[in-house]
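Architecture and fold: a report
Residues per chain, in single letters:
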Amino acid sequence: MKLLTSLCLALSVLLVGGMAFAQQSDVQQQQERRLVQPGNNAPVWREVRKEAQEHTTTVRGRETGVLVQSAGQTWRQIRNGPVTFYGGWLVVLAVLIIAAFYFARGSIKLHERPTGRLILRFGTAEQVVHWTSAISFCVLGLSGLTLLFGKYVLLPVIGYLLFGWLTALAKNLHNFVAPLFILSVVVMIVMWLRDNLPRAYDFQWFRKSWAFMMHGEHVPSGRFNAGEKVWFWLGVIGLSIAVSWSGVILLFPNFDQTRAVMQEAWIWHASAALIYIAIALGHIYMGTIGVEGAYGNMRTGYTDETWAKEHHQIWLDETKSGRTAPGGAVPAGAPHMKEKS
Ligand code: HEM
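None of the values given here were measured: they were computed from a predicted structure.

How each quantity is defined
Residues numbered from 1 in each chain as written. Predicted model: local features only at pLDDT ≥ 70, side-chain atom pairs only at ≥ 80, totals over all residues. Helix = DSSP H or I, 4+ residues; strand = E, 2+ residues; numbered from the N terminus. Buried ≥ 20, exposed ≤ 12 C-beta atoms within 10 Å, placed from the backbone. Contact = placed C-beta atoms within 7 Å. Expected span 1.5 Å × (residues − 1). Bend = angle between axes of the 7 residues up to and from the residue. Near = placed C-beta within 6 Å. Core = buried A, V, L, I, M, F, W, Y, C linked by C-beta atoms within 7 Å. Axes fitted to C-alpha atoms, helices over the stretch in contact; angles between N-to-C directions. Left-handed = near helix turned anticlockwise from the far one by under 90°. Nonpolar A, V, L, I, M, F, W, Y, C, P; charged D, E, K, R; others polar. pLDDT = per-residue confidence, 0-100.

Side note on the overall build of the chain
- Helix and strand content of the chain: eleven helices and three strands.
- Along the chain, from the amino end to the carboxyl end, the secondary structure elements read α-α-α-β-α-α-α-α-α-α-β-α-α-β.
- Expressed as a percentage of the 341 residues in the chain, the buried residues total 21%.
- In the chain, once contacts between residues fewer than 6 apart in sequence are set aside, the share between residues at least 24 apart is 72%.

Observations concerning the environment of Val187
- Residue position: Val187 is located in helix H5 (residues 155–192).
- Since 17 C-beta atoms lie within 10 Å of it, Val187 is described here as partly exposed.
- In sequence terms Val187 and Val129 are 58 residues apart; their C-alpha atoms lie 7.2 Å from each other.

With respect to helix H6 (residues 201–215)
- Between its first and last C-alpha atoms H6 spans 20 Å; for 15 residues at 1.5 Å apiece the expected length is 21 Å, and the two agree.
- At Lys208, H6 is bent by approximately 60°, the largest bend along its length.
- Just beyond H6, the residue with positive phi is Gly216, at close to 65°.

A few points about the site of the ligand
- In the vicinity of the ligand lie 22 residues, with Ala134, Phe137, Glu228, Gly287 and Asn297 positioned nearest.
- Of all the elements in the fold, those that place two or more residues in the shell around the ligand are helix H4 (124–153), H5, helix H7 (226–251), helix H8 (259–290) and helix H9 (294–300).

Focus: unusual backbone geometry
- Phi is positive for Glu63, close to 70°, though the residue is something other than glycine.
- For Asp256, which is not glycine, the phi dihedral falls at a positive 65°.
- Tracing the backbone through its elements, the reader meets Asp256 in the loop between H7 and H8.
- Asp256 sits in the exposed class, given 9 other C-beta atoms within 10 Å.

Some words on the nonpolar core
- Ranked by internal contacts, the top residues of the largest apolar core, which has 22 residues, are Phe181, Ala272, Ala273 and Tyr276.
- If one sorts the elements of this core by residue count, H8 sits on top with eight residues.
- When near neighbours in sequence (up to four residues on either side) are disregarded, Tyr276 contacts Gly235, Leu239 and Val243.
- Of all hydrophobic cores here, the second largest spans seven residues; its members include Ile119, Tyr302, Trp307 and Leu316.

Points about H4
- Of all the bends in H4, the largest measures some 50° and sits at Leu147.
- Among all positions of H4, only Val129, Ser133, Ser136, Phe137, Leu140, Ser143, Gly144, Thr146 and Leu148 are buried.

A look at the packing of H4 against H5
- Between H4 and H5, the least distance of the axes is 6 Å, while the angle of their chain directions is 150°. Pair H4 / H5 crosses with left-handed handedness.
- For the contact of H4 with H5, the residue count by class is 18 nonpolar, eleven polar and three charged.

Notes on the environment of Gly72
- Tracing the sequence through the fold places Gly72 in helix H3 (residues 71–105).
- Taking the C-beta count within 10 Å as the criterion, Gly72 has 14 such neighbours and is therefore assigned partly exposed.
- It is 10.0 Å that separates the C-alpha atoms of Gly72 and Met262, two residues lying 190 residues apart in sequence.
- Beyond its immediate sequence surroundings of up to four residues, Gly72 is in contact with Arg259 and Gln263.

Brief notes about the packing of H5 against H7
- Relative to each other, H5 and H7 sit at 145°, their axes nearing to 10 Å. H7 is crossed by H5, and the crossing has left-handed handedness. Facing H5, whose interface residues are Asn175, Ala178, Ile182, Val185, Met188, Ile189 and Trp192, H7 presents Phe232, Val236, Ile237, Ser240, Ser244, Gly247 and Leu251.

Some remarks on the confidence of the model for the chain
- Confidence in the prediction for the chain averages 88 pLDDT; 86% of positions are at 70 or higher.
- Counting contacts from residues 13–19, a segment whose pLDDT is below 50, to residues more than four positions away or on other chains yields zero contacts.
- For the stretch residues 324–328, pLDDT sits under 50, and the model shows twelve contacts to residues farther than four places along the chain or on other chains.

Next comes the structure, spelled out in structure tokens:
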């Protein structure tokens, strides 16, 4: 028994002595570093981040005792590594595929001549909501890309002064335009949900989508075709929820969320946003130069009967049977579908 007690005592003395020695050597290292490399006291910072536990502070709040959160370095590596690399290439690839498609195929043109009889396709409220989300999306996309890739693409070209000014502008635009985008997308979802519900004839569209894209084959569909419905459910609903939810966590850090939550939210936000931009480029292409007449539909609200027949036959039939008000004569501001002589 006596022997055991003596052994324990000796062990404790050794342990305490070892710790004291380690602490002393830490202190010694810190003091030495202050002399040889003033302003770079790495031993102090190593000590601060050595333990996962919180240190003592008089500042109240979650994590206020964690001076250096080491996972921040992991987040930085993920940001500047895979997210920037794969995300950047995804957007470049989307641009290349769209450009290759356009040069190989050209835009999808009408087979027959426009009749000059116009049909109301989008009401004023629908146009306002659509263009609000479209413009705010472009502002968010461009400012976000500037913040993520600017230091690789813009900084070497425009220099630090202009780049500093531009990124400050991008950050503020991003923060203040985001709520407008979220609001417009919520309204858009409510407004177009019914027209985007899946129908049996959508499967037909999927089966013939290649023929439609390559040869402009006529596939009857409702107000929105199956491709547009995928954009609606995957992009407008799915990706909007992902970017908005993670974005709000980043936009309002005053709800006491931890740094780990912010880091995770950033990874979700940037990844979802880059996928969203890549898919949206496809939508923007189809809505401008990809499909003849589409842009004018959203700009003026009216479409020609020929366009409706060739792209949305079922919707045209429903409209003609009186469920939606037809436009009648060509209204001012809708010249894109005037009968060509
Ligand atoms: C500069 C950007 C954009 C342009 C030029 C554009 C263009 C268009 C056009 C021309 C249409 C009407 C197509 C038709 O008559 O069927 C349309 C529809 C639509 N847009 Fe956009 N759009 C843009 C951005 C956006 C954004 C950012 C969103 C969502 C966040 C969006 C969501 C929709 C939806 C849900 C529809 C109805 C379904 C569809 O046609 O895909 N658009 N867009």
